[in-house]
Amino acid sequence: MPSSRPPADLPSTPVPAATGKPAAAAPAPRPAGKSADYATQAAQPVRFLKGVGPRFEPMLAKLDLHTVGDLWFHLPLRWEDRTRVTAIRDLRHGVDAQVEAEVQSGGVRFGARRQYVAELSDGTGTLRLRLLHFSASQVEAYTPGTRLRLYGTPRVGMYGAEFTHPKIQRVDPDAPAPVEETLTPVYPTTDGLSPEHL
């Protein structure tokens, strides 16, 4: 009775009967040096990164960020949605939003606490911008007719909407700035180091 085993000198690559084509080859092994490259990058001190240097290295150290690997695992505290502009009339109390409006009036008010207050409008409603900490340059910049983009948490009550210390960006009405395309990460920070740097 003839043997069912193939002769020893036949190629060992299996050939499917249906197609007659050789079976796919096994994937190539990953280069052994890749892991070592990642480990080397992770161990690199942050001071050698572009934009860090000796100026920001001590600030990053306060956040326990000493190496590139530390930065890889420095995760955001939260995410901000600046991908759209919300009409003032659609603001909801306590819900973070981004609005774009024009300064109607503003000035420094004196009372229990010195503060800057401005009224803004976007055509759908009005809101109040309140700054408890401000500079003379801000007072001079936020003149009537100035267009501002604000991001923050509004308080909405019987007297309308109000933003206290939102993130503020001046907008050129002739060349409006595009909104962000993705969510904006907000990282833990420290004195002298803004979230934008991270």
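Residues numbered from 1 in each chain as written. Predicted model: local features only at pLDDT ≥ 70, side-chain atom pairs only at ≥ 80, totals over all residues. Heavy atoms only, no water.

Visitor: Break down the sheet that holds strand β3 (residues 115-121) for me, citing the residues and quoting the values.
Guide: Sheet architecture is open: 7 strands sit in the order β6-β7-β4-β3-β2-β5-β8, paired in mixed fashion. Because the sheet does not close on itself, it has two edges, and the strands there are β6 (155-157) and β8 (167-171). Here the strands of the sheet are splayed against their neighbours by 35 degrees on average, with no regard to which way each runs. Pairing analysis gives 6 bridges linking strand β2 (residues 97-109) to strand β5 (residues 147-152), with the strands arranged antiparallel. Residue pairing in the sheet places A101 in a bridge with L148 of β5. (Pairing = 2+ DSSP bridges. Helix = DSSP H or I, 4+ residues; strand = E, 2+ residues; numbered from the N terminus. Axes fitted to C-alpha atoms, helices over the stretch in contact; angles between N-to-C directions.)

Visitor: How would you summarise the side chain of E80 if you had to cite specific residues and measurements?
Guide: With respect to the helices, strands and loops of the structure, E80 is situated in strand β1 (residues 78-80). A distance of 2.6 Å separates a polar atom in the side chain of E80 from a polar atom in the side chain of R82. Within polar-contact distance, the side chain of E80 engages the side chain of K167 at 3.1 Å. Once residues within four sequence positions are removed from consideration, E80 is found in contact with Y151, K167, L183, T184 and V186. (Polar contact = N/O pair within 3.5 Å; in protein donor to acceptor, adjacent residues only side chain to side chain. Contact = heavy atoms within 4.5 Å.)

Visitor: Explain unusual backbone geometry residue by residue, including any values.
Guide: The backbone of D64 sits at a positive phi, close to 65 degrees, despite the residue not being glycine. Of note in the backbone geometry, H165 takes a positive phi value of approximately 50 degrees without being a glycine. Within the secondary structure layout, H165 lies in the loop between β7 (160-164) and β8. Assessed through its relative accessible area of 35%, H165 is described here as partly exposed. (Buried < 20%, exposed > 50% of the residue type's maximum accessible area, 1.4 Å probe, protein only.)

Take it as geometry only, folks, not as evidence of what the structure does.
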